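Below, each chain spelled out in residue letters.
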Amino acid sequence: MKTEKLELVCPAGTPAALRAAVDAGADTVYCGFRDATNARNFPGLNFSREELGEGIEYARSHGSKVLVALNTYPEAGNPDPWHKAVEDAADLGAHALIMADLGLLAYAAEKRPDTRRHLSVQASASNPDAINYYKNTFDVKRVVLPRVLTVPEIAALNREIDVETEVFVFGGLCVMAEGRCSLSSYATGQSPNMNGVCSPASHVRYEDKGNKMVSKLGDFTINSFKESEAAGYPTLCKGRFVTQDKASYLFEDPTSLNAAQYLPELMEAGVTALKIEGRQRGKAYIAQVVAAFRKAADAAANGEAVPPLGLERITEGQRETTGAYNKRWQ
Amino acid sequence: MTSHKKGPVAPLSPVLLAGIAARPLPHKLLQPAFNAAIKQMHRQHPDVFDRLKSVNSPRFLIDPVDLPFSFVMDTLAEDPTLEIVDSDTDERELYTQAAIRGPLLLLIELLEGRIDGDALFFSRDLVVEGDTEAVLALRNAVDGADIDVHNDLLAFFGPLAKPADLAAQAAGNIFKRFTRDLETLSRATLAPLQRKCDAQAATIEELETTVNALKKQVRRRSGKTA
Ligand code: SF4
């Protein structure tokens, strides 16, 4: 069924970024607590309980909603911080909780049934059987789709499920089957799925080697940038590897997703919401990207052409891709 | 000059020229102004320093590449300090955990959250070294704090804030005009050089294509004989 108006779901890593997102026209803002219960557990980032309460109030008074990401997998034998996060987010008035772990979904469905449940991209649910299971078992209202599907695949999926779908349209890319990457664990001992951080900053080093900058993750040199070359994030998937005497990006180039041109087709495909990645980015980035996508989503809703967004300068590697939406591989 | 500094190349700007002019001034003369500035920031934004406690209140080298000096910022939550150090100082003796280098105006924009740190890093306008976790924590702490250097410093002047604001606005206008003039001057000076560089880049590209074609031919031939 065609969507009339796409909901814009925007990231916030700090209260200032939340206000910037709301002021720039976000329908919904997603954020996390300052601990390992969410997948952007970076130093100095995220919300205390008090800040989240104030943020929810600010959003509500401006007609926006707040979603709380609790999308890591609880440690074995230590589910309490995750359970407490469910309780606190619900008490503070979060519109929905974004979760991936079956146990946590079960806990939230049982203890706080009135707070909506969204399935995180970390759950990697990309077929009707999986999604219907989450819907039937935990009454999940929305699923965030992995960034591996084409637009026709999303349309076909939407015909077979009775759950809202949310898709990524802008920001950094994670190229593994979502939520199943061991590269960071291998290099640093910390994983995006358990500790909430891929390639933690504590293990990253940049070294100035005269005419090039070298980036290291743990004991591995993962990239070397010439003086005028645009840099990317220090994740192993975007490392440059030497094969047959040639250094190249084997998994993924440092580049950002930008699917603005597909908004009309995503509406046709029955998508409910558009997700912008980047809780780790500054409020200037949030304000700029959200304002650009507000215009784009409004244009699409009015049946007008999506205007150029002009966001190249702030993207990773200063390059953009349409990712899997236009994939020509299997 | 400041050309021996590490990090991004200093742009030709009023900041660079002012820095050269200020070079003979003894640091002792400038230090009280920076003491007052960090005290004021601490008063107005204690949360910045509180957030940094989680990474043990690091000591940073802040290096505006267009000034002939740098700063060492100690982020102790109770008593942060900002000390001027000469660019020639051996950095190992400063005992800082991390260094952040970039043109002064970009660093101020970053402090105020008007520009995205990751974007500056991708474009290589900003260089970070040392403890990346500390840098990230500082970036996130200042980005969340709604710092406004102009207004924060004006608050320091108390009843004299109004005349200070007028003076700052006048200085700002002169600064903007001067920046434009310098940009024109810099474009005029660099234009012939730029044309030469473009021509050379085109020749290099042509040569690269030829070399790659030759390499391919050689590979194909050696494949056939193998
Ligand atoms: S290494 Fe790359 S693919 Fe793996 S979790 Fe990190 S960003 Fe994703």
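Computed from a predicted structure; not experimentally measured. (Residues numbered from 1 in each chain as written. Chains lettered and ligands numbered in written order. Predicted model: local features only at pLDDT ≥ 70, side-chain atom pairs only at ≥ 80, totals over all residues. Heavy atoms only, no water.)

(A) Representation of the interface of chain B and chain A. Taken together, the contact pairs 31 residues of chain B with 38 residues of chain A. Between chain B and chain A we count five salt bridges in total. One salt bridge in this structure joins R19 of chain A and D146 of chain B, with 2.6 Å as the shortest N-O distance. Summed over the shared surface of chain B and chain A, the number is 15 residue pairs in polar contact (both at pLDDT 80 or more). Residue assignment for the side of chain B that touches chain A shows that the elements contributing at least two residues are α5 (117–122), β5 (127–130) and α6 (132–143) of chain B. Among the residues forming the side of chain B that touches chain A, the class breakdown is ten nonpolar, seven polar and 14 charged. (Contact = heavy atoms within 4.5 Å. Salt bridge = Lys/Arg side-chain N within 4 Å of Asp/Glu carboxyl O. Polar contact = N/O pair within 3.5 Å; in protein donor to acceptor, adjacent residues only side chain to side chain. Helix = DSSP H or I, 4+ residues; strand = E, 2+ residues; numbered from the N terminus. Nonpolar A, V, L, I, M, F, W, Y, C, P; charged D, E, K, R; others polar.)

(B) Focus on the pairing of strand β1 (residues 7–11) of chain A. Residue and element names in this part refer to chain A. Within β1, five of the five residues are buried, leaving the element largely enclosed by the surrounding structure. Of the two faces of β1, the one carrying E7, V9 and P11 and the one carrying L8 and C10 are both buried. Bridging between β1 and strand β14 (residues 273–276) involves three bridges; their strand directions are parallel. The residue bridging E7 from the neighbouring strand is A273, located in β14. In this sheet, strand β2 (residues 28–31) lies alongside β1 in parallel orientation, the contact comprising three bridges. (Buried < 20%, exposed > 50% of the residue type's maximum accessible area, 1.4 Å probe, protein only. Pairing = 2+ DSSP bridges.)

(C) Seen up close, the domain arrangement of chain A. Residues and elements named next belong to chain A. If you check the domain split of chain A, you get domain 1 (7–173 + 255–329) and domain 2 (183–248). For domain 1 and domain 2, the distance between their C-alpha centroids amounts to 26 Å. Contact with domain 1, which involves 19 residues of that partner, is made by eleven residues of domain 2. Summed over both partners, the interface of domain 1 with domain 2 comes to about 1,100 Å²; 50% of that surface belongs to carbon and sulfur atoms. When the area that domain 1 buries against domain 2 is broken down by residue, the three leading residues are Y73, E316 and G317, summing to 36%. Linking domain 1 with domain 2 are zero salt bridges. For the pair domain 1 and domain 2, the number of links is one residue pair in polar contact (both at pLDDT 80 or more). Grouping the constituent residues of the side of domain 1 that touches domain 2 by class yields seven nonpolar, eight polar and four charged. (Domains from an automatic or database assignment. Buried area = accessible area lost by both parts, 1.4 Å probe.)

(D) View of the domain arrangement of chain B. What the domain assignment lists for chain B is domain 1 (14–147) and domain 2 (159–226). A C-alpha centroid distance of 27 Å is found between domain 1 of chain B and domain 2 of chain B.

(E) Structural context of the pattern of salt bridges. Residues and elements named next belong to chain B. In total, this model carries 34 salt bridges over all chains according to the counting rule given. Across the pair R59 and D74 runs a salt bridge whose closest N-O atoms are separated by 3.0 Å. Taken as a pair, R59 in strand β1 (residues 59–64) and D74 in strand β2 (residues 69–74) lie far apart in primary sequence, 15 residues in all. R59 gets classed as partly exposed once you look at its relative accessible area, which sits at 21%. Accessibility expressed as a relative area gives 15% for D74, which makes it buried.

(F) Region of interest: the UniProt feature "domain: SCP2" (unreviewed entry) in chain B. In the numbering adopted here, UniProt assigns the feature "domain: SCP2" (unreviewed entry) to residues 39–142 of chain B. Within the segment residues 39–142 of chain B, helix and strand shares are 36% and 26% respectively, and the terminal C-alpha atoms sit 15 Å apart. (UniProt positions renumbered as here; feature names shortened; annotations may be inferred.)

(G) Here's a closer look at the environment of R281 of chain A. Checked against the element boundaries, R281 of chain A lands in the loop between β14 and α9 (283–301). Classification of R281 of chain A by relative accessible area gives buried; the value is 5%. A C-alpha to C-alpha distance of 20 Å links R281 of chain A and T322 of chain A, two positions 41 residues apart in sequence. Sequence-distant contacts of R281 of chain A, that is, excluding residues within four places in its chain, are made with Y233, I286 and I314 of chain A together with D116, D118, A119, F122 and R139 of chain B. Among the polar contacts made by the side chain of R281 of chain A, one reaches the side chain of D116 of chain B at a distance of 2.6 Å.

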